[in-house]
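Fold and geometry: a report
Residues per chain are reported as follows:
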Amino acid sequence: MILQNNIFVAFASEKVAGKVAAMLKTGGLYPSVICHMGSTLLARLNQYDEGVIVCGTRFKDTVLFDVMDFIPDYFHIVTVGTMDVLDDLPNNRVFKLTIPLNRTDLIYSVSMLLNLNNHRALIHNQFRSEDEEMIIQQAKGILIHKYHMTEEQAHRYMQTKSMNTGKKMINIARLILN
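Predicted model, so just to flag it, every value in this text is computed and none were measured. (Residues numbered from 1 in each chain as written. Predicted model: local features only at pLDDT ≥ 70, side-chain atom pairs only at ≥ 80, totals over all residues. Heavy atoms only, no water.)

**With respect to the confidence of the model for the protein**
- Averaged over all residues, the pLDDT of the protein is 87; the fraction at 70 or higher stands at 91%.
- Throughout residues 121-125 the model reports pLDDT below 50, and contacts reaching past four residues in sequence, or to other chains, amount to one contact. (pLDDT = per-residue confidence, 0-100. Contact = heavy atoms within 4.5 Å.)

**Concerning the pairing of strand E3 (residues 51-55)**
- Summarising burial for E3: five of the five residues are buried, a large majority.
- Here E3 shows two buried faces, one formed by Gly51, Ile53 and Cys55 and the other by Val52 and Val54.
- Where strand E1 (residues 7-10) lies against E3, four bridges are found, and the strand directions are parallel. Looking across to E3, one finds that phenylalanine 8 is bridged to isoleucine 53. (Buried < 20%, exposed > 50% of the residue type's maximum accessible area, 1.4 Å probe, protein only. Helix = DSSP H or I, 4+ residues; strand = E, 2+ residues; numbered from the N terminus. Pairing = 2+ DSSP bridges.)

**Observations regarding the nonpolar core**
- Counting 19 residues, the largest nonpolar core has Leu41, Leu45, Ile53, Leu64, Ile71 and Ile77 as its most contacted members.
- At the level of elements, E1, strand E2 (33-35), helix H2 (38-45), E3, helix H3 (64-67) and strand E4 (75-81) are the ones that each hand at least two residues to this core.
- Ignoring sequence-local partners within four residues, the contact set of isoleucine 53 consists of Phe8, Leu41, Leu45, Ile71, Phe75, His76, Ile77 and Val78.
- Core analysis: the second largest hydrophobic core is formed by 18 residues, Leu24, Val80, Leu101 and Leu114 among them. (Core = buried A, V, L, I, M, F, W, Y, C linked by side-chain atoms within 4.5 Å.)

**Here we look at the packing of helix H6 (residues 130-147) against helix H7 (residues 151-165)**
- Axis separation between H6 and H7 bottoms out at 9 Å; the angle between their running directions is 115 degrees. Classified by the angle their axes make, H6 and H7 are roughly perpendicular. The handedness of the crossing between H6 and H7 comes out as right-handed. Here H6 contributes Ile136, Gln137, Ala139, Lys140, Leu143 and Ile144 to the contact with H7, which in turn contributes Glu151, Ala154, His155, Tyr157 and Met158. (Axes fitted to C-alpha atoms, helices over the stretch in contact; angles between N-to-C directions. Parallel < 35°, antiparallel > 145°, perpendicular 65-115°, else oblique. Left-handed = near helix turned anticlockwise from the far one by under 90°.)

In structure tokens, the structure reads:
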């Protein structure tokens, strides 16, 4: 049985995308999505809760810098390119691998980021009760219906308020409900 790992491979070149996907497969990492356009990548991300994106700095229809703001925070980005191009990308958002791409570095990096996602999910589930999760979902629902936000925008809004005020997300959710 082949296990897919919420890995997204996105390069403008079909040949490069295929080679990167093949490298990942040698390490037991099977991409869920292989695409060549930024718009396709963004559309497919909406079908997943988290994952790792392995991409170049360009797609057939746009560049990575233009789509980064639309990639949810719970997706890690591994970008492959030349050092001078990678230097222009923000360090806090992108894990950078230079070309020529080393297969071991790629597999290790993607595996590490997948493990971070798994750890984040475990911590998230340990600290929120079902009641708290229900309250957060209700607050998101209000933001979605009242302010015409997407679920991702509502989550980000609450997350930002939580970080900016130093309050837990459950407390922000309770404020929205009241």
